[in-house]
Amino acid sequence: MGSQGIRIVTDVSSELTKETLDELKITLIPGYINEGDESVLFDGHNLDRVRFYSELKDKDPLPTTAAPAPGIVQEILDKLSEEAEHLVLITLPRNLSAYQESFRLGSEHLPEDRVTLIDSGTVGSSQDTQVLAAAETAQAGDSLEDVLAAITRARSNTVSAAALSTMENLRRSGRVNMAQAGLATLLQIKPILEVVDGEVVTHARVRTFRKARLELLRMLKDEGPFERLVVEHANNEGDANWLAEQAADLVTGTTHIGLISPILGTHLGQGALGYTGLKTGWRD
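Here we summarise the structure given alongside this text. (Residues numbered from 1 in each chain as written. Predicted model: local features only at pLDDT ≥ 70, side-chain atom pairs only at ≥ 80, totals over all residues. Heavy atoms only, no water.)

## With respect to the sheet that holds strand 4 (residues 38-42)
Okay, step 1: The antiparallel open sheet is built from three strands, whose spatial order is 4-3-5. Two strands bound the open sheet, and with one partner strand each, they are strand 4 and strand 5 (64-66). In this sheet, neighbouring strand axes are inclined to one another by 25 degrees on average, regardless of whether the strands run parallel or antiparallel.
Okay, step 2: Where strand 3 (residues 31-35) lies against strand 4, five bridges are found, and the strand directions are antiparallel. Note that in strand 4 the partner of glutamate 35 across the bridge is glutamate 38. (Pairing = 2+ DSSP bridges. Helix = DSSP H or I, 4+ residues; strand = E, 2+ residues; numbered from the N terminus. Axes fitted to C-alpha atoms, helices over the stretch in contact; angles between N-to-C directions.)

Structural data, given as structure tokens:
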């Protein structure tokens, strides 16, 4: 298949820039951010993320997120299938989000030999490493087998973690119970979370955010070096810049600092800080 033979599709937990999406012909399926009676179909770029996070802590009730209806997915995939021989769909984990089910239902009318649906097992910029690996391989004109192999290699060579400044958003969104969140708030605990094979795992709990960012740096040093590093945040640019600077000697390629997608940040809360590293030699 040529460069137009395979197209990559993903969801709006992605943190890729519009320029990257356009260059590699990656398609984002939009999702909903709901506030009260209002619902915004978020396409990845039609919200001011800085403003969104600045206002998030004062919102009551907290915004909710929702996957698109299968009909929206189907409409987008039908248009893509007119110009591509095969569609590779990479989504949030099935047990963390309804996106995978929406993608499945929205693509089930397509012939089996024209679509591949992949549960990324991870979220956000960590999922993006799989999306980029797939898109770059497809654009080089490689086969579907090569594209899927690149996704597998990227997944096994990607590490990521995030530190939360508060557990309030997780509590209010129902991700943790009242007792857990209340105790964490009382003790000023800052959890460091990882997503492993679709499961949210607590890597560590520390008492201050300064200790949290030091733990993130230690984790990076243990896992490096990296071909690509993404430092992501929810209106915490100062700590994000600090982490990127401290980890600079671990990166052989590019470092990107960006704002977490509101699809994820709604639940992580303002001040969250995280990273995703793609290890050097991942192509081998």
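## Describing the nonpolar core
Okay, step 1: Judged by nonpolar contacts, the single largest core of 46 residues is most densely connected at Ile8, Ile26, Leu77, Leu87, Val88, Ile90 and Val147.
Okay, step 2: The dominant element in this core, judged by the number of residues it contributes, is helix 5 (residues 124-139), at five residues.
Okay, step 3: When residues of this core are assigned to domains, at least three fall in each of domain 1 (3-30 + 68-156) and domain 2 (158-279).
Okay, step 4: Among all residues touching valine 147, those that are not within four sequence positions of it are Ile6, Ile8, Val88, Ala134, Thr137 and Ala138.
Okay, step 5: Ranked by size, the runner-up nonpolar core spans 24 residues in total, among them Val159, Ala161, Ala163 and Trp242. (Core = buried A, V, L, I, M, F, W, Y, C linked by side-chain atoms within 4.5 Å. Buried < 20%, exposed > 50% of the residue type's maximum accessible area, 1.4 Å probe, protein only. Domains from an automatic or database assignment. Contact = heavy atoms within 4.5 Å.)

## Description of the pattern of salt bridges
Okay, step 1: One pass over the full model with this rule turns up 16 salt bridges.
Okay, step 2: For arginine 218, the salt bridge goes to glutamate 215, with nearest N and O atoms at 2.6 Å. With arginine 218 and glutamate 215 both in helix 9 (residues 209-223) and three residues apart, this pair spans about one turn of that helix.
Okay, step 3: Salt-bridge contacts for glutamate 227 lead to arginine 283; the nearest nitrogen and oxygen are separated by 2.8 Å. Within this pair, whereas glutamate 227 is found in strand 11 (residues 226-233), its partner arginine 283 is found in the segment after strand 13 (273-279), the two being separated by 56 residues in sequence.
Okay, step 4: You can call arginine 283 partly exposed: its relative accessible area is 44%.
Okay, step 5: One connected set of salt bridges, linked through shared partners, spans Glu35, Arg51, Glu55 and Lys59. (Salt bridge = Lys/Arg side-chain N within 4 Å of Asp/Glu carboxyl O.)

## With respect to the sheet that holds strand 1 (residues 6-11)
Okay, step 1: Reading across the sheet, the four strands line up as 2-1-6-7 and stay open at both edges, with parallel pairing between neighbours. The open sheet has two edge strands, strand 2 (26-29) and strand 7 (115-119), and neither has a second partner. The sheet shows a mean angle of 25 degrees between the axes of neighbouring strands, direction not considered.
Okay, step 2: Looking at chain direction, strand 1 and strand 6 (residues 86-91) are connected through five bridges and run parallel. Bridge pairing links arginine 7 to leucine 87 in strand 6.
Okay, step 3: Strands strand 1, strand 2 and strand 6 of the sheet are contacted by helix 5, whose axis makes an angle of about 165 degrees with strand 1.

## Digging into helix 10 (residues 237-246)
Okay, step 1: Every buried residue of helix 10 is listed here: Asp239, Ala240, Trp242, Leu243 and Ala244.
Okay, step 2: Buried positions along helix 10 lie against helix 9, strand 11, strand 12 (251-259) and strand 13.

## Regarding the packing of aromatic side chains
Okay, step 1: Scanning the model with the defined rule gives one aromatic pair in all.
Okay, step 2: Each ring, one from phenylalanine 52 and one from tyrosine 53, has its centre 5.4 Å from the other, and the planes form 80 degrees; the classification is edge-to-face. For the residue pair phenylalanine 52 and tyrosine 53, the accessibility class agrees, reading buried in each case.
Okay, step 3: Positioned over the ring face of tryptophan 242 is arginine 213, at 4.0 Å from the centre of the ring. (Phe/Tyr/Trp six-rings, centres within 6.5 Å; stacked < 30°, edge-to-face > 60°. Lys NZ or Arg CZ within 6 Å of the ring centre and 35° of its normal.)

## Re the environment of histidine 109
Okay, step 1: Relative to the helices and strands, histidine 109 is located in the loop between helix 4 (99-107) and strand 7.
Okay, step 2: Note on histidine 109: relative accessible area 38%, which makes it partly exposed.
Okay, step 3: Remark: the alpha-carbon pair of histidine 109 and glutamine 74, spanning 35 residues in sequence, is separated by 8.4 Å.
Okay, step 4: Ignoring anything within four residues of it in the chain, the contact list for histidine 109 reads Gln74 and Asp78.
Okay, step 5: A polar contact of 3.3 Å, which involves the side chain of histidine 109, links it to the backbone oxygen of glycine 106. (Polar contact = N/O pair within 3.5 Å; in protein donor to acceptor, adjacent residues only side chain to side chain.)

## Digging into the environment of glutamate 199
Okay, step 1: Its place among the elements puts glutamate 199 in strand 10 (residues 199-206).
Okay, step 2: Assessed through its relative accessible area of 45%, glutamate 199 is described here as partly exposed.
Okay, step 3: Counting along the chain gives 36 residues from glutamate 199 to alanine 163, while the straight-line C-alpha distance between them is 16 Å.
Okay, step 4: Beyond its immediate sequence surroundings of up to four residues, glutamate 199 is in contact with Asn95 and Glu194.
Okay, step 5: Within polar-contact distance, the side chain of glutamate 199 engages the side chain of asparagine 95 at 2.9 Å.

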